[in-house]
Structure formats: C-alpha cells, structure tokens
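# Summary of the model geometry
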Amino acid sequence: MTTLKMGPRGFKRALIATAVATLGLGTPAFADGHQVLDEIHFIIPGGAGGGWDGTARGTGEALTEAGLVGTASYENMSGGGGGVAIGYMIENAESLEGTLMVNSTPIVIRSLTGVFPHNFRDLTLVAGTIGDYAAVVVPADSDVSNMEDFLAVYDADPAGTPIGGGSVPGGMDHLVAAMVMEASGRDALGVNYIPYDAGGTAMAALLSGEIKALSTGFSEAVDLANQGEVKIIGVTSDARVDAAPDAMTMMEQGIDTTFVNWRGFFGAPGMSDEKLAQYQAAIAAMYDTDEWEAVRARNGWVNIHNPGDDFRTFLEEQETVIGDLMTKLGFL
C-alpha cells in the first residue's frame, strides 16, 4: 500500500478523539420529557437537500415530535460558503435569541482559508450533536460499481473525471475527495474538483453527467441511494453502517482513510445564559427519545454530544488538525 503523505489514521484519531470518548453517552431527560422551549427557528447556511438542511430539519422533527419544543421553523440562507448566514447571526444578534444556526466542519475550514472573516469564537457555542461520515457516489446507472472501477476511469483521464461536492474549493467535500484520492496513491492536488453551493445542486450535476462522482455526506448519499438515484461506491467509516449495509468502506477497498464530519448548533453572540441553558437542556434530553433515535438511524448519524465548553475544546483541536492537513495538501 502506498505510504500516505497526510497520515489519515493519525488525522482521524486526532480529529475525533473527543468525539469517540462521548459516543453513546446519554444524558438524563430534562423535566421528564416536558416541553423546554415554545419554539426554535433554525438558520440553515446552505440550500435544500444538503447535510445542514437535513440536520436542522431532523433535529427540529425530533424535538417537536418528542414534545421538548412546541414548534420549529426553518430558513435556508445560502451564500459565501456559509458566510452569509454567519454574518447574519452576528449583525442581527440582538433579535436572534430564538434562533439557532446549524454548522459543521466547514466553519473551521472556511475560517482557516479566509473565505469569511469570522470563526466559531464569534458565536455562542450551543452543542455539537452528530457525526456524519462522508461518501463517494455515482449515478445509479453508471458502469462504475466500486472505487476500483472509479479509479480505473480516473487514471485513464484525470482531468476529464471531475468530482463534485456541495462546498467551495478547499471545503470539506473537496478535502474528503482529496484525502480519498491521496490515500489511493493519486495526487490529491490533481483532483478536478467542481464546487456547488449545496448538496442538491451538486446531485443535479451528477445526474446530468456534468461530474463523474460526488463527494458528499453519508446521510445524503443514503437518501439518494434509497430513492434509486445513486450508487454508494465508498464510505469513510471504520466499518459498514447499518443505514446502508451494502455500501463498502474505503478501508475495505484498500484505501486507508477514514473521516467523520461533526454537525452542531450555534447561537448569536451575546445570547443570554438562560436561553443557552434551555437550548442545551432540550438537545440533551432529545438523545433519550425514540423520536431522535428514529431520525438518527434513518440518516446513519453517530451521536456526538459536545455541549458548551466541550464543544469549544473539540473545535479548537479540530482547527489545529485541519489546518495542518490543509497545509500539507497545499490548500493553505
């Protein structure tokens, strides 16, 4: 096996060390499952069909159906690789006590690359909630059925075998594609990556033939595979995931790399301690509900609960690891 320049196992250990320590740890239900909040409004920094969209709507579904929150509303706010939504949260902070913004690894990546001037420290850290593996998919009718097939097509014409993703160049989907190709022995910097503003747009490009494969979140890939639109040719998990048991891991296929993308929620800067405590109590209690387990299992998510200061520690560690990796790959 080719020696990896990025040391993906070391990357994985460092990236999710905190996460692994918290997997499966439940939190006692708050007030015996009684309603904690009347309402929550979710800001989603990308378009419909992406991982942020699914995470916010799935969380809102679980919170409301479990009776922990009265009602949930959603607002898609695309633009600037997520920067538009972050700027909105900061500029309108005084009127957004009732609002949470979903985000994930890209808030770290895009701050490092200067896509936007803010970072997670400029917001109120509520809680990290889930992990979502990454996947590479191709159209359902493609002759490509696994990573070996795809790499053969890629080797024949690297420039003519673009890989798309629902994030900016140097963003998470690009980073995952680069990690996978580097781990397969190819030059990560030679990947012809085509960026799209959200997962749904990227999927349309895949189905139209504009790109040959798509780097995306595993939960998004599962939904589309269940609809018969794509085939999952590789997953960045250690072992196969119950939500798609036929989907092979990269590791199984001789590609020595793993990755998990956290997702979580942020409030506007200056949020009151009382409101923050309510959000954290509702999210903590959510993990003990059947409604959350149904959403989690359906999407193939991993429970990663990092509230408050634990969330900050996790993000600071990831910032260091991601920064080092991106420097090695030439993204910084």
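Going by the structure above, here's the rest.
Residues numbered from 1 in each chain as written. Predicted model: local features only at pLDDT ≥ 70, side-chain atom pairs only at ≥ 80, totals over all residues. Heavy atoms only, no water.

### Some remarks on the pattern of salt bridges
Taken as a whole and judged by the stated rule, the model has eight salt bridges. A salt bridge links Arg57 to Asp53; its shortest N-O distance comes to 2.9 Å. You can see Arg57 and its partner Asp53 sitting in helix H2 (residues 51-65), four residues apart, about one turn around the helix. Put simply, Arg263 and Glu220 hold a salt bridge, and the shortest N to O gap is 3.8 Å. Linking Arg263 in strand E9 (residues 260-267) with Glu220 in helix H8 (residues 218-226), this pair joins segments that are 43 residues apart in sequence. Accessibility classification places Arg263 together with Glu220 in one group, the buried group. Within this structure, Asp132, Glu220 and Arg263 form a network of salt bridges that share partners. (Salt bridge = Lys/Arg side-chain N within 4 Å of Asp/Glu carboxyl O. Helix = DSSP H or I, 4+ residues; strand = E, 2+ residues; numbered from the N terminus. Buried < 20%, exposed > 50% of the residue type's maximum accessible area, 1.4 Å probe, protein only.)

### A short note on the pairing of strand E1 (residues 37-44)
In the sheet, E1 pairs with strand E2 (residues 69-76) via seven bridges, with the strands oriented parallel. What sits directly across from His41, in E2, is Ser73. Between the parallel pair E1 and E2, the chain is carried across by H2, and the sense of this crossover is right-handed. Two elements, E1 and strand E3 (residues 99-104), share three bridges in a ladder whose sense is parallel. Bridge assignment links His41 to a residue of E3, and that residue is Thr99. (Pairing = 2+ DSSP bridges. Right-handed = clockwise from strand over helix to strand, strands pointing away.)

### Re helix H4 (residues 106-113)
Taken across its eight residues, H4 has six buried, putting it largely inside the fold. Inspection of H4 places Pro106, Ile107, Val108, Ile109, Arg110 and Ser111 among the buried residues, and these make up the whole buried set. Of the surrounding elements, those touching the buried residues of H4 are H2, helix H3 (83-91), E3, helix H6 (172-183), E9 and helix H11 (308-328). In the stretch just after H4, Gly114 is the one whose phi turns positive, near 80°. (Contact = heavy atoms within 4.5 Å.)

Nothing here speaks to function; it is all geometry.
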